[in-house]
Amino acid sequence: MTISAADGDENCEAEAPLLDDVVPRSIDSNGRRSVRSKSGCWRSASFLIVVGVSERFAYYGISLNLVSYLTGNLGLPTATAAAILNAWYGTSAILPILGAYVADAFSGRFRMISAACVLYIAALGCLTLSASLNSSECKQSSPTSRACSSNQLELVFFFVSFFSVAFAQAGYLPCVQAFAVDQFDEEDENENRAKGSFFNWWNCFSTAGILAPLLVLAYIQDNLSWELGFGIPAVTMCFSLVVFLSGIRTYRFRKTGEGGSNPFVRIYRVFARAAKNRRIARVTKEETNNISDYGAHIGFLDKALLEPDGLTTGDVEDAKSILKLAPIWCSCLGYTIIYAQPSTLFTKQAATLDRHITSAFQIPAASLQHCFIGSSIIISLPIYDRVLVPIAKSITKCPSGISTLQRVGTGLVLSLVSIVFAAAVERRRLEIARDHGLVDKPEAVVPMSVWWLAPQYVLSGLADAFAMVGLQEFFYDQVPLDLRSVGLAIYISILGTGNLVSSFLVSTIQSVTAGNDREGWFSDNLNRAHLDYFYWLLAGLSLAGFVAFPNDVVPGYVDFKGRPSIRSKSGFWKSAFFNAGFEMAERFCYYGISSNLVNYLTGELGQSTAAAAANLNAWYGTAALSPILGALIADTLLGRFRTIVFSSLLYILGLGFLTLSSLLNSMGSTSCKSDGNSSNTLCYPSQIQTIFFFFSLYLVAFAQGGLKPSLQAFGADQFDVADDNENAAKSSFFNWWLWSSCLGIVLALAVVNYVEENLSWVVGFGIPSIVMLVSLILFCIGSLVYRFSTESKRNKGRHPFVRMFRVIMKKRETSGLESLDKALLPLSDTPSAESDNVEGAREAKAMLRLVPIWCTSLGYSVVYAQPSTLFTKQAVTMDRRIGPTFEIPAASFQICISLSVVVFITIYDCVFVPIARSITKKSSGITVFQRIGVGLVLSLLSIVIAAVVEARRLKAAREHGLVDQPDAVIPMSVWWLAPQYTLSGISDVFGMVGLQEFFYDQVPSELKSTGLALYLSILGVGSLASSLLVSVIQKVTSGGGGAGWFSDNLNRAHLDYFYWLLAGISALSLVGYVYSAKYYVYSGRAAH
């Protein structure tokens, strides 16, 4: 029903429902805004399901047994009857395109359903009258058969009535289902999920609702009266109209009075404008206002935007969405030709077989298709929706279990198998007819049970449960919002075209094979016909269609051979697992050398605590800042995959050199001497060894600079953001990425640190070298399933860094981000340069908007730097024993952070997000900014607890007289540090993962590695800032003979003061972050 939004303005003011219960863009039958609790969803859909079931009952009530009426009562030959019936099926399936066009463009779905229902009732009434007139002309010609003759006028009246049903159904069928699906609000998560099941249950109820009546109706037509057999469907349609109008108070009607033009006009203008601009050689992404990759393979339509004249990118996308349906439509014709056979040739087969259930009762031949096909659909659809989908979902991580196209493809395979069975069974039937001398007795019953046909019927039903329902959902979802009726009509047209093609094949083949006194493949005497040959022909056509069935290509991506990426064979979790595994191995290697490095520096290399902390923080900072350089190389020169491979080789080289350096140290290349205190020995490595050690260490840092941002960006690239299922999985990817990272850290802290402290530093550094080598090999093996972005190739010569540089150079005197708009002033007359200015200004603004968030996250990153340095030095002085003989390595206590991440990530993704989602109605539970903010609060709380615990440790040292005994173990359990470690881990679950997702999503698509490098640079700058603070504070506080806050003797140091200072810095950063986040404008799909 087309209802103007303006019609209900006064009513809306008079009776305004609660805003949170209003359905957007929907009104009720009185023009008022639809109230969710009183309209739509299953309460409306239930009325429409009854209406749909009634129509299917009427339609199949006249069509399923019509071949018997045509060949019996009207006396038509089998081939003629099959051809006419297929032509009628085809007409009734193609005409819905016209009905859907009228509904979507002019009348609206409600009015079209009402008008079509009235026409349906009139046509069925005329058909009943035609049967009554015809039946008076029939007479018994033999004990077993009747001969009927009809005059020309009666035949014309019959076929006018018959095809009027097809015209009525043309307006009825697509609109009822589309109107029913419209009752589910796609913006509401619960209703959208219910919509996903609606197509299954629509088909299930439709089939179940007509199964029992059809068994009776077919029996009535065969044994009682055709007038009654046609009259019952007419009465049913009257009932359908009453039910439909009864539900009007619960229906939701889409607003159409908002000034939008006819969608068909817009799409026509796109084709006309693109044709006018067809001679333009090439169209770039920027020259078409940054149109998306959706439908890139039919990019010639983008030329319509070169002279838009009122056209928008949305209009071009709508036109592309229609054209993209063509390959699916064509490749499914083989399925629809087979779909046409059960109601025609399968029924004729069944009529020749033994259909007795008891000695007195035999099944009507036409009823078999719903005994078997209907039953298989009724049974399989609930199993599919309640059993198969959950199982498949647990394997594929896809909310629908399998994609729509995978479902359709499965149906095509089952359809092919069914027709192969049909050919084999028909061959067997002909052999039995010859063996029993029944070749020339067409009326005789072949001594072969009708149950031989069960497999082909059942397989046909299963094929429909997959293919038919999948095609309905696919064509409804993939068309523009205003053309949903047309989408379902296009689906119906596949069935119609299949029937027409089947009719054409039957007529043509019969004409060819019936020459020269031959019976032909479709002889009226089926015992001399060759339906088996026809079935084998259909099997070949179906196989060709399946081979041509378009694979689900992922736009904008290719595989490792440069071919378009196939969704079912590449990317998603199957690729992400390789990346996550590599990340786990890399974190194992990185933390295997870094987590205990402070002890190596102060022990093996003999550095002071302050010097070791400063060197280590400088190295951490370099390792976290170098990803910016690595990301630039990846995004501008090498690409992410090559950068990962080259960086990994450099990583392995650095780890190997580090192992060699520790080997030289263990072979006695350092000199140690006593400092006069019997408890202290100072070791001084040779100058060359120190240089070689730090060269190796910084080689690892620079290698990690290329690996870290590229690896995570490459992993996230495996999820297609244009696909809702994969985009939802991408949100979880960042959670499980950190989970994998922390699992690698746990293994490193539990194994490598113990080896380093108790066995050998050489072995401790050598293990990561081997692990890194093996992980690189496994990563390269995963190339078979990776997706590689073609974004940089499409924009070669106009890299975003170049565009942004040009924009910044063109800034004038104004301030703020608006000054970047001055870059839109043309530098040249070329459209390419002008589009570069537009795109560059947009990208520059997006990058500059990140700066406040980057700066205000530094307080978190300074706190993040402490567990691997000062927290570890705290743990060294405390009681770390477990049992009488085993002592936990101090560095291994960082395992508390990793374990808390591993545990809480699982809780967050599986428990917290669903609960938060049910409250906030956001797909991610909470927004990215809320997640980061929670992380910053927890980080502040962890450093406050660390300050309190450190004050308690110093007090214990004083109470036990250990202030001047730095190597003595303070009688205070190391488990006092557990809260600060655990809170640090939980803060990482919120803050670190939130920052990763934020910086990945908010940068231009070509700069994803750079985005993650910016996130890593926060941690790097935080480490450098921590190093600077340590150095400056130690220099200031150690003057005048004082020990300073970072004395080598931690019992005289004041780490607690430093922690309180960090708490203050973190609190100020939190205030700045809240202010910045409040005024930030999301870009892309990150808004959740």
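Remember, predicted model here, so these are calculated numbers, not experimental data.

Engineer: Which residues make up the overall build of the chain, and what are the values?
Structural biologist: Check the secondary structure of the chain and you find 37 helices and 16 strands. Residues classed as buried in the chain amount to 56% of the 1088 residues present. The contacts in the chain between residues at least 6 apart in sequence include a share of 80% that link residues at least 24 apart. Here the chain displays about 44000 Å² of accessible surface, and carbon together with sulfur accounts for 64% of that area.

Engineer: Requested: an account of the sheet that holds strand S1 (residues 22-27), with residues and values cited.
Structural biologist: Here three strands make up an open sheet; going across it, the order is S2-S1-S5 and the pairing antiparallel. Edge positions in the sheet fall to strand S2 (33-35) and strand S5 (253-254), since each of these pairs with one other strand and no more. Summarising the sheet, S1 and S5 pair through two bridges and their orientation is antiparallel. Looking at S5, one finds that Ser26 is bridged to Arg254.

Engineer: Now, about the nonpolar core: what can you tell me, with residues and values included?
Structural biologist: Residues Trp88, Tyr172, Phe534 and Tyr535 are the most contacted members of the largest nonpolar core, which totals 102 residues. If one sorts the elements of this core by residue count, helix H7 (residues 152-181) sits on top with twelve residues. Residues in contact with Tyr535, not counting those within four places in the same chain, are Leu345, Phe346, Gln349, Ile419, Ala422, Ala423 and Glu426. Leu605, Ile926, Val928 and Phe998 belong to the second largest nonpolar core, which has 97 residues in total.

Engineer: Go over the packing of aromatic side chains, please, and point to the residues and values.
Structural biologist: Any pair of aromatic rings gets described here by the distance separating the centres and the angle formed by the planes. For the structure shown, the criterion picks out 77 aromatic pairs. With centroids separated by 6.1 Å and ring planes inclined at 75°, the aromatic side chains of Phe929 and Tyr1073 adopt a geometry described as edge-to-face. Taken together, the residues Phe929 in helix H34 (residues 928-959) and Tyr1073 in helix H37 (residues 1055-1078) connect sequence positions 144 residues apart. Each of the two residues, Phe929 as well as Tyr1073, counts as buried. Put simply, the rings of Tyr59, Tyr69, Trp88, Phe158, Phe159, Phe162, Phe163, Trp226 and Phe230 touch in pairs and so form one group of aromatic residues. One Lys or Arg, Arg407, reaches over the ring of Tyr384 and ends 3.9 Å from the middle of that ring. Positioned above the aromatic ring of Tyr590 is the side chain of Arg587, whose terminal nitrogen or guanidinium carbon lies 4.4 Å from the ring centre.

Engineer: Can you break down the pairing of S1 residue by residue, with the values?
Structural biologist: When S1 meets S2, the two strands line up antiparallel, connected through two bridges. By the bridge assignment for S2, Ile27 is matched with Arg33. Hairpin connection of S1 to S2: five residues between the antiparallel strands, including Gly31 at a positive phi of 85°.

Engineer: Quick one: what's the story with the sheet that holds strand S8 (residues 553-558), residue by residue and with numbers?
Structural biologist: Two modes of strand pairing occur in sheets, parallel and antiparallel, and in both the strands are linked by backbone hydrogen bonds. Ordered in space as S9-S8-S12, the three strands form an open sheet in which the pairing is antiparallel. The open sheet is flanked by strand S9 (564-566) and strand S12 (788-789), the only strands paired with a single partner. Here S8 pairs with S9 via two bridges, running antiparallel. Counterpart to Val553 in the pairing with S9 is Ile566.

Engineer: Describe in detail the pattern of salt bridges, supporting the description with residues and values.
Structural biologist: Counted by the stated rule, this structure contains 16 salt bridges. A salt bridge links Asp28 to Arg32, with the shortest nitrogen-to-oxygen separation between them at 3.3 Å. Residue class for Asp28 comes out buried when judged on its relative accessible area of 12%. Among the ionic pairs, Arg109 bridges to Asp182, the shortest N-O distance being 2.1 Å. Residue Arg109 is located in helix H6 (residues 109-135), and its partner Asp182 is located in the loop between H7 and helix H8 (189-223); the two are separated by 73 residues in the primary sequence. Take Arg109 and Asp182: they sit in the same class, and that class is buried.

Engineer: I'd like a description of the packing of helix H20 (residues 572-594) against helix H24 (residues 687-717), backed by residues and values.
Structural biologist: Two numbers describe how H20 lies on H24: the axes approach to 10 Å, and their chain directions differ by 155°. Considering the angle they form, H20 stands roughly antiparallel to H24. Relative to H24, the crossing made by H20 is left-handed. Between H20, through Asn579, Phe582, Glu583, Glu586, Arg587, Tyr590 and Ile593, and H24, the contact on the second element is made entirely by Val700, Gln704, Leu707, Lys708, Leu711, Phe714 and Gly715. For the contact of H20 with H24, a count of residues per class yields seven nonpolar, three polar and four charged.

Engineer: How would you summarise a nonpolar patch on the surface if you had to cite specific residues and measurements?
Structural biologist: Taken together, the side chains of Phe578, Ile770, Leu773, Val774, Ile777, Leu778 and Ile781 present a nonpolar region at the surface, about 640 Å² in accessible area. With six residues, helix H26 (residues 761-781) is the largest single contributor of residues to the nonpolar patch.

Engineer: Can you lay out the pairing of strand S7 (residues 446-449) for me, pointing to particular residues and giving the numbers?
Structural biologist: Side chains Val446 and Met448 of S7 all project onto a buried face; the interleaved residues Pro447 and Ser449 project onto a face where none is buried. Pairing of strand S6 (residues 353-354) with S7, which is carried by two bridges, proceeds in the parallel orientation. Among the inter-strand pairings, Asp354 is bridged to a residue of S7, identified as Ser449.

Conventions used here
- Residue numbers here run from 1 along each chain, matching the order of that chain's written sequence.
- Local features in a predicted model are, by the rule used here, given only for residues with pLDDT of at least 70; side-chain atom pairs are given and counted only at 80 or more, and totals for whole chains, interfaces and linings are based on all residues.
- Heavy atoms from the whole structure form the basis of all side-chain values; hydrogens and water molecules are not counted.
- Strands are runs of DSSP state E lasting at least two residues, helices are runs of H or I lasting at least four, and both sets are numbered from the N terminus onward.
- When accessible area is computed with a 1.4 Å probe and restricted to protein chains, residues below 20% of their type maximum are described as buried, those above 50% as exposed, and intermediate ones as partly exposed.
- Every residue pair with non-hydrogen atoms within 4.5 Å of one another is taken to be in contact.
- Note on areas: these come from Shrake-Rupley sampling with a 1.4 Å probe, and a residue is covered only by the protein chains present in the view.
- The criterion for strand pairing is that DSSP finds at least two bridges linking the strands in question.
- Remark: nonpolar core denotes a set of buried residues (Ala, Val, Leu, Ile, Met, Phe, Trp, Tyr, Cys) joined through side-chain atoms within 4.5 Å.
- Stacked, tilted and edge-to-face pairs are distinguished by plane angle, under 30 degrees for stacked and over 60 for edge-to-face with tilted covering the rest, among Phe, Tyr and Trp rings (Trp via its six-membered ring) whose centres lie within 6.5 Å.
- Cation placement over rings: the criterion is NZ of Lys or CZ of Arg within 6 Å of the ring centroid and within 35° of the ring normal.
- Think of a salt bridge as a Lys or Arg side-chain nitrogen and an Asp or Glu carboxyl oxygen that are within 4 Å of each other.
- Only the contacting stretch of a helix is used when fitting its axis, a line to C-alpha atoms as for every element, and angles between N-to-C directions run 0 to 180 degrees.
- Comment on the angle field: the value is read as roughly parallel under 35 degrees, roughly antiparallel over 145, roughly perpendicular from 65 to 115, and oblique elsewhere.
- In this scheme the crossing of two helices becomes right-handed for a clockwise turn of the near helix relative to the far one and left-handed for an anticlockwise turn of less than a right angle.
- Asp, Glu, Lys and Arg are counted as charged, while Ala, Val, Leu, Ile, Met, Phe, Trp, Tyr, Cys and Pro are counted as nonpolar; the rest, among them Gly, fall into the polar class.
- By definition, no residue in a patch forms a salt bridge, and every one has over 30% relative accessible area; like charges are joined within 9 Å, nonpolar side chains (Val, Leu, Ile, Met, Phe, Trp, Tyr) within 5 Å.

Limitation: the analysis is restricted to geometry and does not speak to function.
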